[in-house]
Amino acid sequence: MEQSLLDVRNLHLYYATRKGVVKAVDDISLSLKRGETVAVVGESGCGKTSTARAIIRLLPRNVHLYRGSIILDGKNIMELDDERFRKDVRWKKISMVFQGAMNSLNPILKAGYQVAEPLMIHENMSKVEALKRAGEALRMVGIHESFIDRYPFELSGGMKQRVVIAMALITRPQIIILDEPTSALDVITQANIMNLLKKLKNELELSYIFITHDIALSSELADKVAVMYAGEIVEMADAETFYVKPSHPYAEKLMASVPTLRTDKQLDFIPGAPPSLIYPPPGCRFHPRCPYAFDKCMKERPTAVDLGSGHYVKCWLYA
Amino acid sequence: MAGSKKGFIKFVVKRVVTVYIIVMVAVYLTIIIANMGGYVDEIMKGQLMLQIRMQLKGNPEYSTLPPAELEKIAQGIYEEELKRRGLDQPFFIRSFVYMKDALTLDLGRALYMTSEGGSRLVKLIILERLPYTVMLFTTAMLINFTLHLVIGLYLSRRHGSKIDKLFIALAPTSIIPGWFYGIFLILIFAAYLRVLPYGGILDVPPPTDPIARTLNILEHMVLPLSSWIIAAFFLGCYGRRTFFLIFSTEDYVEAAKAKGVPSRRLTTQYILRPTLPPIITGFALSLIGSWSGAIITETVFNWPGLGLIAYQAIGAFDTPVILGFTVIYAYLLAATVVILDILYGLVDPRIKVMYGR
């Protein structure tokens, strides 16, 4: 079996708040091979962004628990101290495209400088050379090199998103975390950016962790899908298997809620909202909203059931 | 680039003209208010008449003249004096003469007040006090500004920590004004411990040796300076801390952190730089503010600054002095506003682009 590039095991990230401990990421495991894309899907507030931040170690102050292992290229990066982590992992190995690229650029620094900055920091490259490379990176994402002298406010939303992607690519990291990279864009621009991401993935053999609430969009890019619910991964499957027939009731419901063009489909929805991550429901966390819930679901927490060929489901229906 | 340079000059000229018009309006309003809409003229006329009559009465040469004759002479002198002072013109016309004089910094003579040297020239009265005020209050302002900025930045990076909570808890101490702390400082360090002077700017008699003189002035500055620093300290730091905290949660700061930008660079390039315009504004405005002195603090510490003079001038209806202050102050403020507009463009490209339009 091919060795995985990134192996996240039993990752926990809890936040301490006045009301109690928020279990934002509660014991999740996932792995990623070189050139592979794993899509992390789920509703808002189920811990997707927290997972991404836990991987790149961008933690808020009120961390209550941060535990687990993240093995990157055979090395556990959880053991590195902050300074080493900054130098060795951030942007060198893993980079990230943030939710809302509009705001990920410093308003008073030129776009080119911001794209070039990681090279100056991590590779001690001179400014002139780094800017030259930034120009190349911009061209790769479909922006004219002359735009290195533009300020962010002189760019459109789609252009900013491309700049942010160029910035993520500049150090040639192995993994790029895409946190809702297109959710602030209109559909046409969204399609453009998705195509760009696909092209770059094929050309540069990148691995993506693609975080989105949009299950339809995730199918554009995903090789593997991880469905998150209430801080847990409830289903993990290959894209071919998953999009044909999701197994977990939550994933099934998510799929049923995707609108289709010009068919008279009654859109399904999931009653209720994701549970509090401070006091998650006992047993299966989805049981209060699950149409198939039975006695056992309310009492015992389901464990991952292996359905074969890397397809795991946390549901008592399959046990 | 040539186009943007032209645009920039056009922008500056436009700003200067607008700001100058505002200064004119402000000065004119002050003339109306300080003269109480012309009523001060009536007071002056009344005083003039009284003065003339007293003089005539006191003059033995006229003591034999009948009262009607005397009144006629008095009227004659009065008319002449009115003409000499320009008071025969209606106030409306004279208000514009005043404005022209004020705007050309021809500040004239005070009605009642004198400088320490005995001069009636408004310019002298103001210039004599200005250095004292700058020495004390501008120093206080510079120290406060730097302290608040540095400590605020430090706290914002450690928000939620014990020291941060301490500053938040102590922030309300700044509700008490500086002079109030001043009174306590005088009680402790001057009255009880007897290590520092009660007030004033120099000992009596002042030391003659220049070094001893400087040290003596510094010694007199310690208490008033401390009172202002103490009063502003916690709230000032807390304010800056919150300001930086808001800007350090911007997405681009997070993104830069993820990029591996080192902490120092993160602070300067991603937190401090984008927030410079409001910081510079705050700095410039408090700088001007510091030039006007502070009435109560100057009273408490017997400090011969501008605030005290302004207060006395207002109380005595000494319009030329009031006007002199206002016009100098208005010019300083106007110049600062224009300089700020230009500076913004240098530190913030978003504003620079506006010049071109």
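In this text, all values refer to a predicted model and were calculated from it rather than measured experimentally.

Chemist: With reference to specific residues and values, describe the interface of chain A and chain B.
Modeler: Residue-level contacts link 23 residues of chain A with 20 residues of chain B. By residue number, the principal contributor to the side of chain A that touches chain B is helix α3 (residues 111-122) of chain A, which donates four residues. Looking at the side of chain A that touches chain B residue by residue, the class counts come to 13 nonpolar, five polar and five charged.

Chemist: Please set out the domain arrangement of chain B residue by residue, giving values where relevant.
Modeler: Domains assigned within chain B are domain 1 (2-103) and domain 2 (125-315). If you average the C-alpha positions of domain 1 of chain B and of domain 2 of chain B, the two centres end up 40 Å apart.

Chemist: Tell me about the confidence of the model for chain B, and name the residues and values.
Modeler: Residues and elements named next belong to chain B. Of the residues in chain B, 97% have a pLDDT of 70 or more, and the chain-wide mean is 87. Confidence, expressed as mean pLDDT per element, reaches its minimum in chain B at helix α15 (residues 349-355) with 70 and its maximum at helix α6 (residues 162-170) with 94. Interface confidence for the predicted complex, given as ipTM, is 0.85, next to a pTM of 0.78.

Chemist: How would you sum up the sheet that holds strand β12 (residues 312-314) of chain A? Please name residues and give values.
Modeler: Residue and element names in this part refer to chain A. The strand order across the open sheet formed by eight strands is β6-β7-β8-β3-β9-β10-β12-β11, and the pairing between neighbours is mixed. If you trace the sheet from one side to the other, it starts and ends with β6 (94-97) and β11 (304-306), each paired once. Each strand axis lies, on average, 20 degrees off the axis of its neighbour in the sheet, ignoring direction. One ladder, built from five bridges, connects strand β3 (residues 37-41) with strand β8 (residues 207-212); its direction is parallel. Among the inter-strand pairings, Ala-39 is bridged to a residue of β8, identified as Phe-210.

Chemist: How would you explain the pairing of strand β4 (residues 63-72) of chain A if you had to name every residue and give the values?
Modeler: All names here are of chain A. Judged from the eight bridges that link them, strand β1 (residues 6-17) and β4 form a sheet pairing that is antiparallel. Within β4, the position partnered with Arg-9 by the bridge is Ser-69. Pairing between β4 and strand β5 (residues 75-76): two bridges, direction antiparallel. Across the sheet, Ile-71 pairs through a bridge with Asn-76, a residue of β5.

Chemist: Any details on helix α3 (residues 67-85) of chain B? Residues and values, ideally.
Modeler: Residues and elements named next belong to chain B. An ideal rise of 1.5 Å per residue puts 27 Å on 19 residues; α3 measures up with 26 Å between its terminal C-alpha atoms. Counting buried residues in α3 gives zero out of 19 residues, a small share hidden from the surface. Two residues or fewer past α3, Gly-86 is found with a positive phi of approximately 80 degrees.

Analysis parameters
- Residues numbered from 1 in each chain as written.
- Chains lettered and ligands numbered in written order.
- Predicted model: local features only at pLDDT ≥ 70, side-chain atom pairs only at ≥ 80, totals over all residues.
- Contact = placed C-beta atoms within 7 Å.
- Helix = DSSP H or I, 4+ residues; strand = E, 2+ residues; numbered from the N terminus.
- Nonpolar A, V, L, I, M, F, W, Y, C, P; charged D, E, K, R; others polar.
- Domains from an automatic or database assignment.
- pLDDT = per-residue confidence, 0-100.
- Pairing = 2+ DSSP bridges.
- Axes fitted to C-alpha atoms, helices over the stretch in contact; angles between N-to-C directions.
- Expected span 1.5 Å × (residues − 1).
- Buried ≥ 20, exposed ≤ 12 C-beta atoms within 10 Å, placed from the backbone.

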